[in-house]
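# Examination of the molecular architecture
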Amino acid sequence: MLSKLRIQNFAIIDEIEIDFSEQLTIITGETGAGKSILLGGLNLILGERAEATSFFDKEKKCVVEGEFDISESEMKDFFEEEGLDFEVNTLVRREIIPGGKSRAFINDTPVTLQVLKKFTSQLVNLHQQHDTLELNEHSFQLKLIDSVASNDELLKRYKNSFRDFKKLEKEIAELQEQLDKAQREQDYIQFQFTELSEANLFEGEQESVEREMNSLTHSEEIKRTLSAVTSLLMNEDGNISDSLRTVLAQLQSAVKYQSDLEELLNRLKSASIEIKDIASELEDREAKLNFSQQRLEELQNRIDVLYRLQKKHRVNSVGELLALQHQFENQLQSLHTDSEKLERGKNELAERRKFLLALAHNLSKKRIGVLTKIEKEVNELLKQAAMPYSQIKFSHSLIGENEFTENGIDNFRLLFASNKGSEFIELNKVASGGELSRLMLCLQSLVAESVSMPTLIFDEIDTGVSGEAAKKVSVILQKLSSQHQVICITHLPQIAGKGDKHFFVYKENQKLRTYTRVRELNTDERILEIARMLSGEKPTEAAMKNAKELMEN
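The structure displayed is predicted, hence computed values, not measured ones.

### Quick look at helix 4 (residues 138–148)
- Most of helix 4 is tucked away, with eight of its eleven residues classed as buried.
- All of the buried residues along helix 4 are Phe-140, Gln-141, Leu-142, Leu-144, Ile-145, Asp-146, Ser-147 and Val-148.
- In the stretch just after helix 4, Ser-150 is the one whose phi turns positive, near 55°.

### Some remarks on the environment of Asp-524
- With respect to the helices, strands and loops of the structure, Asp-524 is situated in helix 15 (residues 523–535).
- When the C-alpha positions of Asp-524 and Met-544 are compared, they lie 10.0 Å apart, and in sequence the two are 20 residues distant.

### Observations concerning the packing of helix 15 against helix 16 (residues 541–552)
- The interhelical angle for the contact between helix 15 and helix 16, taken along N-to-C directions, is 115°, at an axis separation of 8 Å. Considering the relative orientation of helix 15 and helix 16, their crossing is right-handed. Every residue of helix 16 that contacts helix 15 at Thr-523, Arg-526, Ile-527, Leu-528, Ile-530, Ala-531, Leu-534 and Ser-535 is listed here: Ala-543, Met-544, Asn-546, Ala-547, Lys-548, Leu-550 and Met-551.

### Overview of the packing of aromatic side chains
- Applying the stated criterion to the full structure yields eleven aromatic pairs.
- Taking 5.7 Å as the distance between ring centres and 90° as the angle between the ring planes, the aromatic pair formed by Phe-78 and Phe-79 counts as edge-to-face.
- The exposure class assigned to Phe-79 is buried, which follows from its relative accessible area of 1%.
- When the centroid spacing of 5.9 Å and the interplanar angle of 15° are considered together, the rings of Phe-504 and Tyr-506 count as stacked. Taken individually, Phe-504 and Tyr-506 each receive the classification buried, so the pair is uniform in this respect.
- One aromatic cluster is present, formed by Phe-68, Phe-78, Phe-79, Phe-86 and Phe-119 through successive ring pairs.
- Above the plane of the ring of Phe-105 lies Arg-93, whose end atom (NZ or CZ) is 4.2 Å from the centre.
- Positioned over the ring face of Tyr-506 is Arg-519, at 5.3 Å from the centre of the ring.

### A closer look at the pairing of strand 1 (residues 2–10)
- Among the nine residues of strand 1, seven are classified as buried, and the element is accordingly described as predominantly covered.
- Pairing analysis gives six bridges linking strand 1 to strand 4 (residues 62–69), with the strands arranged antiparallel. Following the sheet pairing, Leu-2 is matched in strand 4 by Phe-68.
- Sheet topology places strand 1 next to strand 2 (residues 13–19); six bridges connect them, and they run antiparallel. Following the sheet pairing, Leu-5 is matched in strand 2 by Ile-18.
- Adjacent in sequence and paired antiparallel, strand 1 and strand 2 are bridged by two residues, among which Ala-11 carries a positive phi angle near 55°.

What counts and how
- Residues numbered from 1 in each chain as written.
- Predicted model: local features only at pLDDT ≥ 70, side-chain atom pairs only at ≥ 80, totals over all residues.
- Heavy atoms only, no water.
- Buried < 20%, exposed > 50% of the residue type's maximum accessible area, 1.4 Å probe, protein only.
- Helix = DSSP H or I, 4+ residues; strand = E, 2+ residues; numbered from the N terminus.
- Axes fitted to C-alpha atoms, helices over the stretch in contact; angles between N-to-C directions.
- Left-handed = near helix turned anticlockwise from the far one by under 90°.
- Contact = heavy atoms within 4.5 Å.
- Phe/Tyr/Trp six-rings, centres within 6.5 Å; stacked < 30°, edge-to-face > 60°.
- Lys NZ or Arg CZ within 6 Å of the ring centre and 35° of its normal.
- Pairing = 2+ DSSP bridges.

This is the structure:
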């Protein structure tokens, strides 16, 4: 329930404060006095964005505060989810600085506009004259049906499942696109992989081939060198081996006289043995070293293959070719893996579709189940609103299981017949402004019985209504206020007479400034104001008497 509203420095309001009734609060006033400004300020704490706001004092910030009694609402979960302090009397504040930036607070804790709107949307339902246009909107009609059918939990479950379904559907579409692209490239990738795989590459191969080619190319020169070295070591006269034997013999004779020379003698013996081994190995290598033109051609062909592959793939080594081969292999494997993943995803999507459709059909069944109730109760309310021959009915069709939306698979159309025997047709083609206003009130009255909405605000929703019809509309509003707090801005005396509190909005001129003022009327002032609404600025005795009767009945 909205207990109190304070507005500072907004448009032509310097500062006002209103304490609302728990039942029916009436707001009246002259045209242009500022009733719409009050709603503009109220809209700010309902989370609407601040447009190019006019400030009463351009040097100061605009502040709008609303005090809500939430003792009877189930809001504790909201406060816990948003990390806010729960207070039975919760204060909502919106501040706008002259530059246009704004801040929002719940119990003095800064919140985003999204959070503010989420909070106040559970507490206040504002209906303005132009809102009758909503009657033709599919979303409004569906919301009405869901409210009466108590579909909140089921609809929430369906929407969550729908979002998950659409998310998975998008992921599968993206994976399919990637897979299609990969499959178009598969032949190319497979060819590249096969070519590299069949080349039987191995790390360090190029260096090994180049060494062997270098050896074969210079085999004659190497053979001559090895032969010459072997001769120097063992075969020629005065070779190194013979010279070492002479040295060893001479040193052996000296050892007899100086024993510490034995170590050097042993070292020379070791060197002599090593030289013989080296000479023998060089001799073996020379014998085995034969030039082979065939082998040279094989090596040349191999190096040509390696160079060709490197040039083709724009790399500089066999190692990089092997990395490419591994990359192509991974791509082929990934293609196989993605195909399996896509198949699993499609199976999961099919299961989710079945689950989602089951929820959608359940939702549809509950909606269809309350259509007769809505039609019957609204048609009865239309009679009470002085529209005895007006009726509504809903037509229904299924959108199609392959085209379900975030709201299900239902397509409802609200049809209206204004006279007895008239054909039911769409509202925008038949109903007048006054009829639409009364129909909206009847629908909202029905919804109010089905949902927990502490505060209902009607802004001149009675436009186009007068006389006996206005009186009957006032009865509906009064009955509605027995279940909910109702705030009604009206120009009808029949409605004004039903209020538990009555505020009058007026302009006051002081020096060079015009101010919007609001004051609560006492009983005598109410009678006078209602009489003025009946007969003009100078009400007659009959009008005064009529005003009293409107307040008493």
